[in-house]
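So the chains spell out like this:
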Amino acid sequence: MTTAPTASGVKGDHEYEYDVIVIGGGSGGLAAAKEAAKHGAKTACLDFVKPSPAGTTWGLGGTCVNVGCIPKKLMHQAGILGEQFSDAREYGWKLATEGHDWSKMVEAVQNHIGSLNFGYRTALREKGVTYINAYGKFKDAHTIIATKKNGQEQEITADKIIVAVGGRPSYPDAPGAKDCCITSDDIFSLPEAPGKTLCVGASYISLETAGFLTALGFETSVAIRSIPLRGFDQEIAEMIVKYMGEHGTRFLRDSQPTAFEKQDDGKIKVTFENTMFGNTFEETFDTVVCAVGRDAVTEGLDLKAAGVEFNAKNGKIPCVDEQSNVENIYAIGDVLDTRQELTPVAIKAGIRLMRRLFSDTPYKEKMNYDLVPTTVFTPLEYGTIGMSEELAVETYGADNIECYISYFKPLEWSVNHEEHNGVAVRGDNKCFVKLITNLADDERVVGFHYLGPNAGEVTQGYAVAMKMGAKKSDFDETVGIHPTVAEEFTTLEITKRSGIDASKAGC
Ligand code: FAD
Ligand code: NA7
């Protein structure tokens, strides 16, 4: 049995070693563990990373820090810098470009991640959280068996247990997939440049990866078996695909890989089936990245031993206000059923839950999963809050919504007239905004969509207005900041229904 150094010892009146054990040291788990300790709860946090099938492993911090948001955004930045060289030349800078050095970028990104891993360990120690680098598994509703890398087992007990184990990438159910392909778990630390790459899947992880690989100069294809960015506004999803296509990414539409085979030269032969016509075709790639979804990693947790119900299809835990069907067991983050898989969602849910459980002053705020803003970091970024047009039509009916739209070109792009392969690097009217309003509710805005540079920054600001229930008239009342891309939302007049050309000309 371990004895934990904590700020204020056992908080609750119970017989267990800890007030709370958090299983999983990712975005949600770390935030929850630190918050619990802040309120005086005796807290342990377990984290253990099983290597990916390709053998990649990493440090404390979970998906976002090691193999998700952070390396993704940094590599996205490396990609968009490439296009900014083109801008810079037109602005008068004399630049000699020697191309891109993959290994140098990976080293820089991994060094940053290493410093974050170190920071998380230090933060846990400073907050008085006992960090156990071990794999957790339920023995019963209050007992966790923690298995270390060397196989050594330890039983620990707690009054409350938080499951924050997140998810891991799934592989297509096709021969050779696990032997031949890598996933987002591997791409950000790949020591050698990926070369000619296939990204399998059409959701944001696949498109983002294809976006930065193309921008870094790799011949990149994306296999889409049905639609791009399922669940997102399809008008914008198709605009993203078009833009990426014009900027060098090849899209294999209606194409599903059915087999992967390693060749003698190390390349991977992929067999595809056309999902419309059933014909097959083959092509060889240096690297195949699968981004075909993620599975919650609850399989090894033995949830049954604790009586915790889970969704048999995806391993996720259904909860009410993060509480599972077992009173003392909670879940936060990606492992939570039917909730957004996003870092800030995991963090906020974890912090609020711990305040509700352990704060000495009454705290009742629950996590609100409505109107969560998000951004897809494709080369042309896409920020969104609320409903897609498809969902708004389904919810209110086509006659009961209004879509205000505008196509535009950011001012900063306007001096660059360079073309690559006959396509303007900075094309006219490639950026787009759309506000969807509910006519029956005084034109309350139910869907916010922005396609253009700095989408995360623009969308984050407007998320407050959306949370406050902004109406179209509130956007109209707001004075823009000129010249910016964000001001586009304050001058929207053309409705999609009107059929008037919503392309911008001039300032
Ligand atoms: P995780 O961060 O996955 O942490 C879970 C931890 O628990 C892991 O360290 C895991 O190894 C450990 N663990 C699992 N089982 C056990 C066990 N039995 N015992 C001990 N430890 C265990 N979100 C955004 O908001 N913005 C983005 O731009 C973004 N980009 C992304 C890009 C990619 C490529 C990916 C894959 C994800 C991205 N996400 C993004 C999603 C984001 O990373 C997740 O929503 C977030 O990390 C979820 O946090 P979590 O705490 O639920 O789980
Ligand atoms: P998603 O969002 O679950 O999307 C999976 C994509 O992969 C989607 O386009 C699927 O097409 C496609 N898919 C699924 N299975 C296959 C197979 N077998 N072959 C080809 N294509 C397939 O996954 P992501 O990995 O992008 O992201 C998961 C979450 O992690 C995300 O919400 C982030 O927040 C973090 P479909 O639409 O089903 O036809």
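Remember, it's a predicted structure, so these values are computed and weren't measured experimentally. (Residues numbered from 1 in each chain as written. Chains lettered and ligands numbered in written order. Predicted model: local features only at pLDDT ≥ 70, side-chain atom pairs only at ≥ 80, totals over all residues. Heavy atoms only, no water.)

## Looking at the site of ligand 2
Here is step 1 of the chain: Lining the immediate environment of ligand 2, one finds 16 residues, of which Ser226, Arg230, Gln256, Arg294 and Glu341 sit closest.
Here is step 2 of the chain: Ile205 places a main-chain nitrogen or oxygen 3.5 Å from an oxygen atom of ligand 2.
Here is step 3 of the chain: Within the backbone of Gly293, an N or O atom sits 3.2 Å from an oxygen atom of ligand 2.
Here is step 4 of the chain: Taken by itself ligand 2 offers 790 Å² of open surface, and the protein chains cover 79% of this.
Here is step 5 of the chain: Across the shell around ligand 2, the residue classes tally to seven nonpolar, five polar and four charged. (Near = heavy atom within 4 Å. Polar contact = N/O pair within 3.5 Å; in protein donor to acceptor, adjacent residues only side chain to side chain. Areas by Shrake-Rupley, 256 points an atom, 1.4 Å probe, with all protein chains shown as cover. Nonpolar A, V, L, I, M, F, W, Y, C, P; charged D, E, K, R; others polar.)

## Notes on the sheet that holds strand E12 (residues 268-274)
Here is step 1 of the chain: Read from one edge to the other, the open sheet built from three strands follows the order E11-E12-E13, with strand pairing classed as antiparallel. What marks the edges here is a single partner per strand, and that holds for strand E11 (255-262) and strand E13 (280-285). Going from strand to strand, the sheet's axes swing by 25° on average, the running direction of each strand aside.
Here is step 2 of the chain: With six bridges joining them, E12 and E13 adopt antiparallel strand pairing. Note on E13: the bridge partner recorded for Val270 is Glu283. (Pairing = 2+ DSSP bridges. Helix = DSSP H or I, 4+ residues; strand = E, 2+ residues; numbered from the N terminus. Axes fitted to C-alpha atoms, helices over the stretch in contact; angles between N-to-C directions.)

## Topic: the sheet that holds strand E8 (residues 197-200)
Here is step 1 of the chain: Strand order in this open sheet of four strands is E10-E9-E8-E14, and the pairing throughout is parallel. With one partner strand each, in any of the chains shown, strand E10 (250-253) and strand E14 (287-290) form the two edges of the open sheet. In this sheet, neighbouring strand axes are inclined to one another by 20° on average, regardless of whether the strands run parallel or antiparallel.

## Looking at the nonpolar core
Here is step 1 of the chain: Counting residues in hydrophobic clusters, the biggest one holds 60 residues, and the most contacted among them are Trp102, Phe448, Tyr450, Phe475 and Phe489.
Here is step 2 of the chain: Examining the composition of this core, we find that seven residues originate from one element, helix H8 (residues 234-246), more than from any other.
Here is step 3 of the chain: Apart from residues lying up to four places away in sequence, Phe448 is in contact with Gly383, Thr384, Ile385, Lys434, Leu435, Thr459, Tyr462, Met466, Phe475 and Phe489.
Here is step 4 of the chain: Counting 51 residues, the second largest nonpolar core, distinct from the first, contains Ala41, Leu46, Ala349 and Val372. (Core = buried A, V, L, I, M, F, W, Y, C linked by side-chain atoms within 4.5 Å. Buried < 20%, exposed > 50% of the residue type's maximum accessible area, 1.4 Å probe, protein only. Contact = heavy atoms within 4.5 Å.)

## Structural notes on the site of ligand 1
Here is step 1 of the chain: In the vicinity of ligand 1 there are 38 residues, among which Gly28, Asp47, Thr63, Lys72 and Asp334 approach most closely.
Here is step 2 of the chain: Cys64 is positioned with one of its backbone polar atoms (N or O) 3.4 Å from an oxygen atom of ligand 1.
Here is step 3 of the chain: A distance of 3.4 Å separates an oxygen atom of ligand 1 from a polar atom in the backbone of Glu341.
Here is step 4 of the chain: Against a free-state accessible area of 1,000 Å², the protein chains account for coverage of 95% of ligand 1.
Here is step 5 of the chain: Broken down by secondary-structure element, the contributors of at least two residues to the shell around ligand 1 are helix H1 (27-38), helix H2 (62-67), helix H3 (69-90), strand E4 (135-140), helix H7 (204-215) and helix H10 (343-358).
Here is step 6 of the chain: Across the shell around ligand 1, the residue classes break down as 19 nonpolar, 14 polar and five charged.

## Details of H3
Here is step 1 of the chain: Given a rise of 1.5 Å per residue, 22 residues ought to cover 32 Å, and the 32 Å separating the end C-alpha atoms of H3 matches this to within 8%.
Here is step 2 of the chain: In the structure, H3 departs most strongly from a straight axis at Glu83, where the bend amounts to approximately 25°.
Here is step 3 of the chain: Among the residues making up H3, those that are buried are Pro71, Lys72, Met75, His76, Ala78, Gly79, Glu83, Ser86, Asp87 and Ala88.
Here is step 4 of the chain: Buried residues in H3 make contact with H2, helix H4 (102-127), H7 and H8.
Here is step 5 of the chain: Two residues or fewer past H3, Gly92 is found with a positive phi of approximately 105°. (Expected span 1.5 Å × (residues − 1). Bend = angle between axes of the 7 residues up to and from the residue.)

## Overview of a nonpolar patch on the surface
Here is step 1 of the chain: On the surface, Phe85, Tyr91, Trp93, Leu95 and Val415 cluster together into a nonpolar patch covering about 520 Å² of accessible area.
Here is step 2 of the chain: By the element assignment, Leu95 lies in the loop between H3 and H4.
Here is step 3 of the chain: By relative accessible area, Leu95 is classed as partly exposed at 35%. (Patch = residues over 30% accessible without salt bridge, like charges linked within 9 Å, V, L, I, M, F, W, Y side chains within 5 Å. Salt bridge = Lys/Arg side-chain N within 4 Å of Asp/Glu carboxyl O.)

## Re the side chain of Lys471
Here is step 1 of the chain: Within the secondary structure, Lys471 sits in the loop between helix H12 (455-467) and helix H13 (472-477).
Here is step 2 of the chain: Within polar-contact distance, the side chain of Lys471 engages the side chain of Asp442 at 3.3 Å.
Here is step 3 of the chain: Setting aside residues no more than four positions away along its own chain, Lys471 makes contact with Asp441, Asp442, Glu443, Arg444 and Val445.

## Comments concerning the environment of His449
Here is step 1 of the chain: Checked against the element boundaries, His449 lands in strand E23 (residues 444-451).
Here is step 2 of the chain: Using a relative accessible area of 1% as the deciding quantity, one classes His449 as buried.
Here is step 3 of the chain: Residues His449 and Tyr204, 245 residues apart in the sequence, show an inter-C-alpha distance of 15 Å.
Here is step 4 of the chain: At 2.8 Å, the side chain of His449 forms a polar contact with the backbone oxygen of Met387.

## Topic: the packing of aromatic side chains
Where two aromatic rings form a pair, the distance of their centres and the angle of their planes describe that pair.
Here is step 1 of the chain: Scanning the model with the defined rule gives 14 aromatic pairs in all.
Here is step 2 of the chain: Their ring planes at 85° and their centres at 6.1 Å tell us that Phe48 and Tyr135 sit as a pair that is edge-to-face. Separated by 87 residues along the polypeptide, Phe48 in the loop between strand E2 (43-46) and H2 and Tyr135 in strand E4 bring together distant segments of the chain.
Here is step 3 of the chain: Given a relative accessible area of 27%, Phe48 falls into the partly exposed group.
Here is step 4 of the chain: By way of ring pairs, the aromatic residues Phe408, Phe448, Tyr450, Tyr462, Phe475 and Phe489 are connected into one cluster.
Here is step 5 of the chain: The aromatic ring of Phe285 is capped on one face by Lys196, whose charged end is 4.9 Å from the ring centroid.
Here is step 6 of the chain: Sitting over the face of the ring of Tyr404, Lys472 holds its NZ or CZ atom 4.3 Å from the ring centroid. (Phe/Tyr/Trp six-rings, centres within 6.5 Å; stacked < 30°, edge-to-face > 60°. Lys NZ or Arg CZ within 6 Å of the ring centre and 35° of its normal.)

## With respect to the pairing of strand E9 (residues 220-224)
Here is step 1 of the chain: Among the five residues in E9, five count as buried, and that is most of the element.
Here is step 2 of the chain: The alternating pattern of E9 places Thr220, Val222 and Ile224 on one face and Ser221 and Ala223 on the opposite face, and all of these are buried.
Here is step 3 of the chain: Sheet topology places E8 next to E9; four bridges connect them, and they run parallel. Opposite Leu198, over in E9, you have Ser221 as the bridge partner.
Here is step 4 of the chain: Between the parallel elements E8 and E9, the chain passes through H7 in a crossover that is right-handed.
Here is step 5 of the chain: At this point the chain moves from E9, through H8, to the parallel E10, and the crossover so formed is right-handed. (Right-handed = clockwise from strand over helix to strand, strands pointing away.)

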